[in-house]
Amino acid sequence: MPLLEDKQITAGLEELPGDWAREGAAISRTVALDDFMAAIHLVTEVARAAEEINHHPDIDIRYNRIRFRLSSHDLGGITERDLNLAARIDRLAAKAGAVGAAGGR
Ligand SMILES: C[C@H](O)[C@H](O)[C@H]1CNC2=NC(N)=NC(=O)C2=N1
């Protein structure tokens, strides 16, 4: 699967419901949950999705906030796999009642 061009990445990010940001060779999104266990439950669901597609996020968990950072490590950049995983994360995060970190919780 090839690396995406800048304009493809920009278009792909606009299609995603979550507020993903481009960070060089990766895209990232931070979400906030009600509490630590809610965050851990979401991480567990994302882990199952990652295993299903064999594409794994970098995850930073701080109490009720989770930062997901996606990159295709084998190619050192962003591919469709990252956009696909981001879409799955957005669906799981919405189901879990997550809000963007900008939500101020
Ligand atoms: C052996 C295994 O299939 C590879 O290491 C997969 C696993 N998950 C992965 N996840 C991500 N984000 N990038 C990869 O290059 C990658 N490679």
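These notes cover the structure that comes with them. In this text the structure is predicted, and so the values were computed from the model without any measurement.

1. Focus: the pattern of salt bridges
Within the structure shown, the criterion is met by 10 salt bridges. One salt bridge connects Glu-45 with Lys-95, and the closest N-O pair in it is separated by 3.9 Å. Here Glu-45 is found in helix H2 (residues 36–53), whereas its partner Lys-95 is found in helix H3 (residues 80–95), with 50 residues between them in sequence. Residue classification places Lys-95 among the exposed positions, given a relative accessible area of 65%.

2. Quick word on helix H1 (residues 6–15)
Along H1, the residues that are buried comprise Ile-9, Gly-12 and Leu-13. Relative to the axis of H1, the buried residues are bounded by an arc of 100° and lie together on one face. Relative to its buried face, H1 has exposed residues pointing more than 90 degrees away, namely Lys-7, Glu-14 and Glu-15. Contacts made by the buried residues of H1 are with strand S1 (21–23), strand S2 (26–32) and H3.

3. Let's talk about the pairing of strand S4 (residues 65–70)
Residues Ile-66, Phe-68 and Leu-70 of S4 are buried on one face, while the alternating residues Arg-65, Arg-67 and Arg-69, pointing to the opposite face, are not. Relative to S4, S2 is paired through six bridges, and the arrangement is antiparallel. Looking at the pairing, Ile-27 lines up with Leu-70 of S4. The pairing of strand S3 (residues 58–62) with S4 spans five bridges and is classified as antiparallel. Counterpart to Arg-62 in the pairing with S4 is Arg-65. The hairpin formed by S3 and S4 contains two residues between the paired strands, and Tyr-63 there has a positive phi angle of roughly 50°.

Basis of the calculations
- Residues numbered from 1 in each chain as written.
- Predicted model: local features only at pLDDT ≥ 70, side-chain atom pairs only at ≥ 80, totals over all residues.
- Heavy atoms only, no water.
- Salt bridge = Lys/Arg side-chain N within 4 Å of Asp/Glu carboxyl O.
- Helix = DSSP H or I, 4+ residues; strand = E, 2+ residues; numbered from the N terminus.
- Buried < 20%, exposed > 50% of the residue type's maximum accessible area, 1.4 Å probe, protein only.
- Arc of directions from axis to C-beta.
- Contact = heavy atoms within 4.5 Å.
- Pairing = 2+ DSSP bridges.

Just distances and angles here, no functional claims.
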